[in-house]
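Results of the structural survey
Each chain is listed here by its residues.
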Amino acid sequence: MGRKGRVAYLYDGEVGGAYYGIKHPMKPHRMRMTNELIVQYGLAEHLDVFKPNRATPVELEQFHTHEYIDFLQTAKPDHVTEAQVQHYNVIDDSPIFDGVFKFCQIYAGASIHGAQKLIQDDYDIAINWAGGLHHAKKGQASGFCYVNDLVVAILELLKHHARVLYLDLDVHHGDGVEEAFVSNNRVMTVSFHRYGNFFFPGTGNLTEIGFGHGRWHSLNIPFDAGLTDGQFWSVFQPVMQKVMDAYQPGAVVLQCGADSLGGDKLGDFNLSIKQHAEAVDFMKKFNVPMLVTGGGGYKKRNVARCWAYETAVLVGQPELVTDQLPSNMYLDNFKNEKEDVTRVPSLNADRMNIYRRGTIPDTYNRPAHLDLIRTQALEHLRHVEIAPGHAFFERQPDAMLPEWSSRHPETNQEQEEHDYALSHHLLKDYDQADYFRDNDMFAMPWNSAWGKLPVS
């Protein structure tokens, strides 16, 4: 595989207890279903399993504003004002529910912990299926996402790697991650997604290429609804080969949103589990340290099946996951609601994934259209500097993620966090504008991550 062929798996069962609401499509319970399949298929024997540390406010504020993180810590479902709802965008899509901040700490902490496993413990791959919440902004929730674990994990990797590639397989554009790094060439973001007809979040056209030092380092591949395996692969394979050849990242963060599978409750693509996993396997073969996360996915049984199979692919044991569902404690969740029989999503079925809104228009994803997308993407990549060099400032320390309140209930949590941040040089005594002026940096957008990390 890579350096040692080691795969770390980060899982905290409490993440599956988060509850957005009875009518909300996001069901974190899918994480428990995924983990159960991983165990019952015998995949845990091929993984180094860790219960991840939970992210502290200090860690989350490496990207997010202190004001926003403070709000998430204290917000209660029945005590959120209309002004706060609008200011932090905690609307129906991203509601405040009991335990929302703990939920954020778990999934974000696992992504940070996974990044550290790649850096410190010489793992080739780290898996956090609870992560991948790619829409969250610096000071706002967005699209079911509260904190952006991907951005924080990338910031951790950038302390050790000159360049990090972010690849997004979700049916929705990875807007939050792209915005965070849109002005810097140390991160390249690549997103394959549905675009057009007001599909959320409405961004991700081919023309969105980054700006400033980050020009040409945002690559968007927009498809129409009904995308099939062959159509996807005809673009993905040549484009990602060129990305890896041109950019030569030191690490990869791969978001495996399963709402790009057909039959998803929100997605409009028609990909099979096998094809989705083939993209994961393709990236694995480059032998670059890789953090793999989940993302979207709103038909629980398909999500669990997909991520279990991709876990098998990542450990080099795809034959362990078959169309035969193993005995497990969530069999009821794999039942077809209409037929009341256990139904296993097939790995290979050509049309397992039926376009959910009826007939696919003939004009969607035609060969000529796909050729145009592929040609323009490859032309875009011609402008990417091969392995750009960087002069580094003194980097920030590695995340430590101390567990404050549970282990030291008698101490003052806020004081400990402040002392920890001060001792590790995480507090700035001047603002973001001063920081960039002092380091001769160009202006950064409000959602940029670069206000909190010394860069070249």
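Scroll up to find the structure this text is about.
1. A few points about the sheet that holds strand S1 (residues 7–10)
Pairing within the open sheet is parallel, and its 8 strands lie in the order S2-S1-S3-S8-S7-S4-S5-S6. At either end of the open sheet lies a strand with only one pairing partner, and these are strand S2 (48–50) and strand S6 (218–223). On average, each strand axis in the sheet is inclined to that of its neighbour by 15°, with strand direction left out of account.

2. Topic: the packing of helix H1 (residues 30–40) against helix H10 (residues 300–314)
Remark: H1 packs on H10, axes separated minimally by 8 Å, with the N-to-C direction vectors making an angle of 40°. By the criterion of interaxial angle, the relationship of H1 to H10 is oblique. Along this stretch, H1 crosses H10, giving a crossing that reads as right-handed. Facing Arg30, Met31, Met33, Thr34, Leu37 and Ile38 of H1, the residues of H10 in contact are Lys300, Arg301, Val303, Ala304, Arg305, Trp307, Ala308 and Thr311.

3. Examining the packing of aromatic side chains
Throughout the structure, instances matching the rule amount to 21 aromatic pairs. Here phenylalanine 192 and phenylalanine 223 contribute two aromatic rings whose centre-to-centre distance is 6.5 Å and whose plane-to-plane angle is 20°, an arrangement assigned as stacked. Of this pair, phenylalanine 192 sits in strand S5 (residues 187–194) while phenylalanine 223 sits in strand S6, and the two are 31 residues apart along the sequence. Like phenylalanine 192, the residue phenylalanine 223 is buried in the burial classification. Here the aromatic rings of tryptophan 233 and phenylalanine 282 are separated by 5.7 Å at their centres, their planes lie at 85°, and the arrangement is edge-to-face.

4. A look at the state of the cysteines
Taken as a whole and assessed by the stated rule, the structure comprises 0 disulfides. Looking at cysteine 145, it has no disulfide partner, and the nearest cysteine sulfur is the one in cysteine 104, 9.6 Å off.

5. Here's the deal with the nonpolar core
Of all hydrophobic cores here, the largest spans 130 residues; its most connected members are Trp129, Tyr146, Phe192, Phe223, Phe236, Met240 and Met283. The element that contributes the greatest number of residues to this core is helix H5 (residues 100–120), accounting for 12 residues. Sequence-distant contacts of phenylalanine 236, that is, excluding residues within four places in its chain, are made with Leu167, Leu169, Phe192, Ala279, Phe282 and Met283.

6. Focus: unusual backbone geometry
Backbone torsion omega between phenylalanine 200 and proline 201 reads 0°, so that peptide bond is classified as cis. When you line up the elements, proline 201 lands in the loop between S5 and S6. Backbone geometry at aspartate 122 places phi at a positive 60°, although glycine is not the residue there. Structurally, aspartate 122 is set in the loop between H5 and strand S3 (125–128). Among the residues examined, aspartate 122 registers a relative accessible area of 23% and is labelled partly exposed. Backbone geometry at asparagine 197 places phi at a positive 55°, although glycine is not the residue there. Within the secondary structure, asparagine 197 sits in the loop between S5 and S6. Asparagine 197 sits in the exposed class, given a relative accessible area of 58%.

7. Describing the pattern of salt bridges
Oppositely charged side chains can pair when the atoms bearing their charge come close. Inspection of every chain in the model, using the stated rule, returns 13 salt bridges. For aspartate 48, the salt bridge is made with arginine 6, and the minimal N-O distance between the two is 3.8 Å. On the criterion of sequence distance, the pair formed by aspartate 48 in strand S2 and arginine 6 in the segment before S1 is long-range, its members being 42 residues apart. Judged by relative accessible area, which is 31%, aspartate 48 ranks as partly exposed. Judged by relative accessible area, arginine 6 falls into the partly exposed class, the value being 28%. Note that aspartate 268 and arginine 194 form a salt bridge whose closest N and O atoms lie 3.4 Å from each other. With a gap of 74 residues between them, aspartate 268 in the loop between strand S7 (251–255) and helix H9 (273–284) and arginine 194 in strand S5 connect regions that are remote in the sequence. Residue aspartate 268 is classed as buried on the basis of its relative accessible area of 1%. The class of arginine 194 is buried, set by a relative accessible area of 6%.

Calculation rules
- Residues numbered from 1 in each chain as written.
- Predicted model: local features only at pLDDT ≥ 70, side-chain atom pairs only at ≥ 80, totals over all residues.
- Heavy atoms only, no water.
- Pairing = 2+ DSSP bridges.
- Helix = DSSP H or I, 4+ residues; strand = E, 2+ residues; numbered from the N terminus.
- Axes fitted to C-alpha atoms, helices over the stretch in contact; angles between N-to-C directions.
- Parallel < 35°, antiparallel > 145°, perpendicular 65-115°, else oblique.
- Left-handed = near helix turned anticlockwise from the far one by under 90°.
- Contact = heavy atoms within 4.5 Å.
- Phe/Tyr/Trp six-rings, centres within 6.5 Å; stacked < 30°, edge-to-face > 60°.
- Buried < 20%, exposed > 50% of the residue type's maximum accessible area, 1.4 Å probe, protein only.
- Disulfide = S-S within 2.5 Å.
- Core = buried A, V, L, I, M, F, W, Y, C linked by side-chain atoms within 4.5 Å.
- Salt bridge = Lys/Arg side-chain N within 4 Å of Asp/Glu carboxyl O.

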